[in-house]
Amino acid sequence: MTTQLPIVVVGGGTAGCTVVSTLAAMTTLPIVLIEPGSPSLHDDESAFFSVLSDAALSREVQITLVDGGSDQPYVQAQVLGGGSAINGLLLTGEEPSFLSGLTRVASEADCGQVGTALLAENGRFSRLWWNGGRWNPGRAVQHLVDEGRVTIISDSVTYLEHAQRVVTVAHTTNEAIEGSLFVMCAGALATPALLLHSSLERAVTGIGDGLQNHPTITFTLQLKQSVSQRFDATVVRESRSSSGAKLLTIAYERKNADDATTGLLSIALMDPESRGGVWRSNTAMQNDFNMLATIRDRTAMREAVRELISTAMGESFAAISQHILVDSDGTSVEVLDAMKNDDLDVWIADNLTVVSHATSSCHEIVDSDGKVRGIGNLYIADSSILHSVPPCSPAGPVVIEASRIARAIGETLT
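Residues numbered from 1 in each chain as written. Predicted model: local features only at pLDDT ≥ 70, side-chain atom pairs only at ≥ 80, totals over all residues. Heavy atoms only, no water.

Trainee: What's the story with the sheet that holds strand E20 (residues 285-288) in this structure? I'm lost.
Mentor: Across a sheet, paired strands are connected by hydrogen bonds in the backbone, their directions being either parallel or antiparallel. The antiparallel open sheet is built from 3 strands, whose spatial order is E14-E19-E20. Two strands lie at the open edges of the sheet, namely strand E14 (209-211) and E20, each paired on one side alone. Averaged over all adjacent pairs, the angle separating strand axes in this sheet is 30 degrees, with direction ignored. Both E14 and strand E19 (residues 276-280) contribute to a ladder of 2 bridges, which runs antiparallel. Its bridge partner lying in E19, Asp209 is registered against Gly277. Contacts between helix H5 (residues 190-197) and the sheet are confined to E19 and E20, with E19 contributing the most and set at about 35 degrees to the helix. (Pairing = 2+ DSSP bridges. Helix = DSSP H or I, 4+ residues; strand = E, 2+ residues; numbered from the N terminus. Axes fitted to C-alpha atoms, helices over the stretch in contact; angles between N-to-C directions. Contact = heavy atoms within 4.5 Å.)

The structure is reproduced here in structure tokens:
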């Protein structure tokens, strides 16, 4: 009797779990999911900073944000379910139709003092990945494991073995897994890194090109009083720059799990033009977002910060804040407000903050169904194949694309 080789899915984050669940409903072929992270125990925890405080659920990689900038840490989920198991719960775009009922719009009862202040400054309640608990696609995969439909290997893939433009084996730190078909869902940094480690650039050009993220600036608000809230973020505000660039302001009720006396107010450029890349140097993988590389992006981000300054200095935030600081040096918002444009541009480049919204590093190497061009049995179904970073929190578009690609793959299987 011939044993069927499995479908191998690399990465059990938001995309990977969506792919596994979709394929399991379409084929009887065995499915192996390779994911080093464990299931989260925090799906009933609504305050996402409390979830982030569990260091076992994430890891850090080194990145640069602007050309010539210094390395800094970038937090990535390392947990079954991925970012959906630990993220800020904000769904600033539309709810995927097939997840109807698993999200809801925040209400006044969910909102804290920082969110209330942003509401007074033309903010709105966001939709949340929450309805009686966190939406976490890892739970559905765990059910499939319990039913014997899916096997999880708790390890990290180090190399994809391939011959004659066909991938044959996924090597982990401890074993080798043969497969009939391989689906990469490791994310916009890890997916191109693994393809490059596997020397696939000899067969596929453009791996790692086009990396994007949302350039973000964050102010800290030293609050007059500490107020506990169910959610750490519920209110956002959309606006546009003079050129029509899309901006998003977010209010956070606290700075982290241990500091409820400090709130955060951030603004991001949601449709940047600038692109960077992931590549392999002599010593390590390089992840360079190359933010604000165009005049349009620099101008839009400067206007965004001017808008954030005006909001922070407004009556609503003055009522709840003792002091508003704009960087780690303790610079006040008043000092920033007085800066000339050239000086402000320098300050922005030095103080961009990191959000875990990396996308688009492999969009040039796949066809419309996520199949890697020139490789017979390799697909990508994660954020790396989005043409550009979405003008909203990316989990929704990632889920939609992962589901679409998985269905396309399923329709090819017999």
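The rest of the description comes next.
Trainee: Got a minute to help me understand the environment of Asp67 in this structure?
Mentor: With respect to the secondary-structure elements, Asp67 resides in the loop between strand E3 (58-63) and strand E4 (72-77). Residue Asp67 is classed as exposed on the basis of its relative accessible area of 65%. (Buried < 20%, exposed > 50% of the residue type's maximum accessible area, 1.4 Å probe, protein only.)

Trainee: Mind showing me how you'd approach the packing of aromatic side chains here?
Mentor: In this description, a pair of aromatic rings is defined by centroid distance and the angle of the planes. Per the counting criterion, the structure on display carries 6 aromatic pairs. With a centroid separation of 6.3 Å and an interplanar angle of 55 degrees, the aromatic rings of Phe48 and Tyr252 are classed as tilted. In this pair, Phe48 is assigned in helix H2 (residues 48-52) and Tyr252 in strand E17 (residues 246-252), connecting sequence segments 204 residues apart. There is no split in this pair, since Phe48 and Tyr252 are both buried. Three or more aromatic residues joined by ring pairs make a cluster, and in this case those are Phe48, Phe49 and Tyr252. (Phe/Tyr/Trp six-rings, centres within 6.5 Å; stacked < 30°, edge-to-face > 60°.)

Trainee: I would appreciate a short explanation of the pattern of salt bridges in the present structure.
Mentor: Any two side chains of opposite charge can pair, given that their charged atoms come close. The full count for this structure, using the stated rule, is 12 salt bridges. Linking Asp43 and Arg139 is a salt bridge whose minimum nitrogen-to-oxygen distance equals 2.8 Å. Of this pair, Asp43 sits in the loop between strand E2 (31-34) and H2 while Arg139 is found in helix H4 (residues 138-146), placing the two residues 96 residues apart along the sequence. On the basis of relative accessibility, which here comes to 11%, the residue Asp43 falls in the buried class. For Arg139, a relative accessible area of 38% puts it in the partly exposed group. Here Arg296 makes a salt bridge to Asp297, at a shortest N to O gap of 2.9 Å. (Salt bridge = Lys/Arg side-chain N within 4 Å of Asp/Glu carboxyl O.)

Trainee: How do you make sense of the side chain of Thr172 when you look at a structure like this?
Mentor: Counting through the fold element by element, Thr172 comes out in strand E11 (residues 166-172). Relative accessible area serves as the criterion here: at 8%, Thr172 is assigned to the buried category. Residues within four places of Thr172 in sequence aside, it is in contact with Ile34, Asp155, Ser156, Val157, Thr158 and Ile177.

Trainee: How do you make sense of the state of the cysteines when you look at a structure like this?
Mentor: When the sulfur atoms of two cysteines share a covalent bond, that bond is a disulfide. Under the criterion given, the structure shown has 0 disulfides. As a non-bridged cysteine, Cys185 has Cys17 as the owner of its nearest cysteine sulfur, 9.0 Å distant. We classify Cys185 as buried; its relative accessible area is 6%. (Disulfide = S-S within 2.5 Å.)

Trainee: Which parts of the structure should I look at to understand the layout of surface pockets?
Mentor: Any empty space left between atoms is shown by rolling a water-sized probe over those atoms. Taken as a whole, the second largest pocket encloses approximately 160 Å³ of empty space. Lining the second largest pocket, in full, are Val66, Asp67, Met291, Leu292, Arg298, Met301, Asp345, Val346, Ile348 and Ala349. A total of 4 residues in the lining of the second largest pocket trace back to one element, the largest contributor, which is helix H9 (residues 341-351). Tallied by class, the residues present in the lining of the second largest pocket amount to 7 nonpolar, no polar and 3 charged. (1 Å grid on protein atoms, 1.4 Å probe; cavity = no way out; pocket = protein on both sides within 12 Å on 5 of 7 lines; lining within 4 Å. Points joined across faces, edges and corners; volume = space filled by probe spheres on them. Nonpolar A, V, L, I, M, F, W, Y, C, P; charged D, E, K, R; others polar.)

Trainee: Would you mind showing me how to read the sheet that holds strand E7 (residues 124-125) here?
Mentor: Pairing is antiparallel in the open sheet, where 6 strands are placed in the order E7-E16-E17-E18-E15-E21. Looking at the sheet topology across the chains shown, the edges are occupied by E7 and strand E21 (321-325). Where strand E16 (residues 235-240) meets E17, 5 bridges bridge the pair, whose relative direction is antiparallel. Bridge pairing links Arg237 to Thr249 in E17. Of the strands in this sheet, strand E15 (216-223), E16, E17, strand E18 (262-269) and E21 are in contact with helix H6 (residues 295-312), which crosses E18 at around 150 degrees.

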